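Secondary and tertiary structure notes
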Amino acid sequence: MPILFEALAAQTIGGRIPIALCINNSDDDSVGVMSNVAIRYAGRLDIVVESRTFEPALAHAGSARGHAMEMGYRHVVDGGIGGGGGIGGDDRGGVLISTDADCRPPAGWLAANLAAINAGADIVGGRIVLDDAEPIDAAITAMRERFDRYWAAVRAIEDAIDPSPHDPPPRHGDHTGASIAIDAALYRMIGGVPPIASGEDRSMVIDAVAAGGRLVHPPSVWTRVSARTEGRAAGGMALAMAELAATLDRSADPWVPAFEHWRTRANWRRATRHAHGVAAMLAREADLPPMPGDMPLPQYPGAISIEPVTPLLAS
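Here goes a summary of the coordinates provided. (Residues numbered from 1 in each chain as written. Predicted model: local features only at pLDDT ≥ 70, side-chain atom pairs only at ≥ 80, totals over all residues. Heavy atoms only, no water.)

Looking now at the packing of aromatic side chains. In the structure shown here, the tally under the stated rule is four aromatic pairs. Between Tyr-150 and Trp-151, the aromatic rings sit 5.1 Å apart at their centres with planes inclined by 70°, giving edge-to-face as the arrangement. Using a relative accessible area of 0% as the deciding quantity, one classes Tyr-150 as buried. On the numbers, 5.6 Å between centres and 75° between planes, the contact of Trp-151 with Trp-262 is edge-to-face. Pair noted here: Trp-151 is in helix 5 (residues 138-161) and Trp-262 is in helix 9 (residues 259-276), with a separation of 111 residues, a long-range link. Classification of Trp-151 by relative accessible area gives partly exposed; the value is 37%. Each residue in the set Tyr-150, Trp-151, Phe-259 and Trp-262 is aromatic and connected to the rest through ring pairs, giving one cluster. In this structure, Arg-188 is placed above the aromatic ring of Tyr-73, and the distance from its NZ or CZ to the ring centre is 4.3 Å. (Phe/Tyr/Trp six-rings, centres within 6.5 Å; stacked < 30°, edge-to-face > 60°. Buried < 20%, exposed > 50% of the residue type's maximum accessible area, 1.4 Å probe, protein only. Helix = DSSP H or I, 4+ residues; strand = E, 2+ residues; numbered from the N terminus. Lys NZ or Arg CZ within 6 Å of the ring centre and 35° of its normal.)

Here it is as structure tokens:
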């Protein structure tokens with residue numbers, strides 16, 4: 001955690017930066033460590049810490065992130081952030097920005113999030129990159145680059161078939177708890193973070209988009225995340241890194257959905273949204289079976305063919 005708060009203290013925005021931190025089900029000296037951090041950065045960071053012990057059924061990332069976001073929201077509505085206007089003091093009532101304790105955002109991270117919000121976004125996803133301050137196996141780095149190329153090809157398919165008017169290319173595709181900014185009023189409208197064991201960050205974003213929120217993924221918004229393979233959160237980044245390491249140990253290629261599935265899904269989204277609206281499309285998509293992983297992850301995707309798009313006419 002000290003690394004995160006050192007990075008937050010180095011942010012380029014002016015003024016004292018308010019931070020809400022939830023330490024959940026801790027069996028170490030995290031509270032004591034944070035007391036020292038709060039003293040060290042008292043002139044720059046306004047840190048509010050709450051330690052919670054959730055019952056076993058609720059001791060998960062959804063509870064912890066939800067409680068931290070609620071702490072942040074209370075600061076916004078009570079006028080404790082940015083003099084009553086939230087971080088950045090915009091006229092929409094405040095902005096909540098989520099990250100994780102093992103992240104190391106660049107100095108312009110907060111400013112880039114606020115710029116996207118002030119430009120008209122309601123939700124801002126930040127790209128996640130592996131923290132180069134940690135030792136990372138070259139094979140892991142190379143595999144992550146292959147995944148980056150694959151996802152760039154997927155986004156090219158989506159942008160050609162079902163483009164978003166407020167999230168144009170170039171864009172990344174990440175919106176995880178490591179870096180999400182959301183308008184505080186929209187956050188309250190959707191009821192906050194879903195109290196689920198994993199995927200609470202993506203579920204919150206889906207709820208926000210279904211409610212009419214404008215989601216963007218500007219390349220200027222990104223953060224570093226730890227490449228560690230052990231973590232507490234079920235289904236979190238550490239698990240993904242462990243699975244990637246295990247795949248490399250087997251000298252195997254990961255298998256991913258073939259591009260044809262993404263073309264079919266983009267056409268489906270476009271037609272379903274046109275016929276039924278965004279909220280209904282997202283609800284129906286949640287009930288679709290997962291795409292099969294039927295293609296080895298390509299080294300270089302090459303040219304991606306896009307089916308001609310037929311204009312949709314209003315009925």
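The structure having been displayed, the exposition proceeds.
This brings us to the pattern of salt bridges. Following the criterion strictly, the structure yields 18 salt bridges and no others. With a shortest N-O distance of 3.8 Å, Asp-201 and Arg-202 are connected by a salt bridge. One network of salt bridges, in which partners are shared, links Glu-158, Asp-159, Arg-171, Arg-265, Arg-269 and Glu-285. (Salt bridge = Lys/Arg side-chain N within 4 Å of Asp/Glu carboxyl O.)

Another aspect to go through is helix 10 (residues 278-286). Counting along an α-helix, one turn takes 3.6 residues, and residues three or four places apart therefore face a common direction. Within the sequence span of helix 10, burial applies to Met-281, Leu-282 and Glu-285. Along the long axis of helix 10, the arc covered by the buried residues comes to 95°, so they all point the same way. Of the surrounding elements, those touching the buried residues of helix 10 are helix 7 (200-210) and helix 9. (Arc of directions from axis to C-beta. Contact = heavy atoms within 4.5 Å.)

In this section: the packing of helix 9 against helix 10. Relative orientation of the contacting elements helix 9 and helix 10 amounts to 135°, with a least axis distance of 7 Å. Accordingly, the angle class assigned to the pair helix 9 and helix 10 is oblique. Crossing hand, helix 9 versus helix 10: right-handed. Between helix 9 and helix 10, the contacting residues are Arg-265, Trp-268, Arg-269, Thr-272, Arg-273 and His-276 on the first element and Val-278, Ala-280, Met-281, Arg-284 and Glu-285 on the second. Of the residues contributing to the contact of helix 9 with helix 10, the split by class is four nonpolar, two polar and five charged. (Axes fitted to C-alpha atoms, helices over the stretch in contact; angles between N-to-C directions. Parallel < 35°, antiparallel > 145°, perpendicular 65-115°, else oblique. Left-handed = near helix turned anticlockwise from the far one by under 90°. Nonpolar A, V, L, I, M, F, W, Y, C, P; charged D, E, K, R; others polar.)

Let us look at the nonpolar core. Counting 27 residues, the largest nonpolar core has Phe-5, Leu-8, Ile-19, Met-34, Leu-45, Ile-47 and Val-124 as the members making the most contacts within it. Elements supplying a minimum of two residues to this core: helix 1 (2-9), strand 1 (17-24), helix 2 (30-40), strand 2 (45-52), strand 3 (95-98) and helix 4 (109-118). In terms of residue count, the dominant contributor to this core is helix 4 (six residues). If we skip the residues at most four places from it in the chain, Ile-19 touches Phe-5, Leu-8, Leu-45, Asp-46, Ile-47 and Val-48. (Core = buried A, V, L, I, M, F, W, Y, C linked by side-chain atoms within 4.5 Å.)

Any link to function would need more than the numbers given here.
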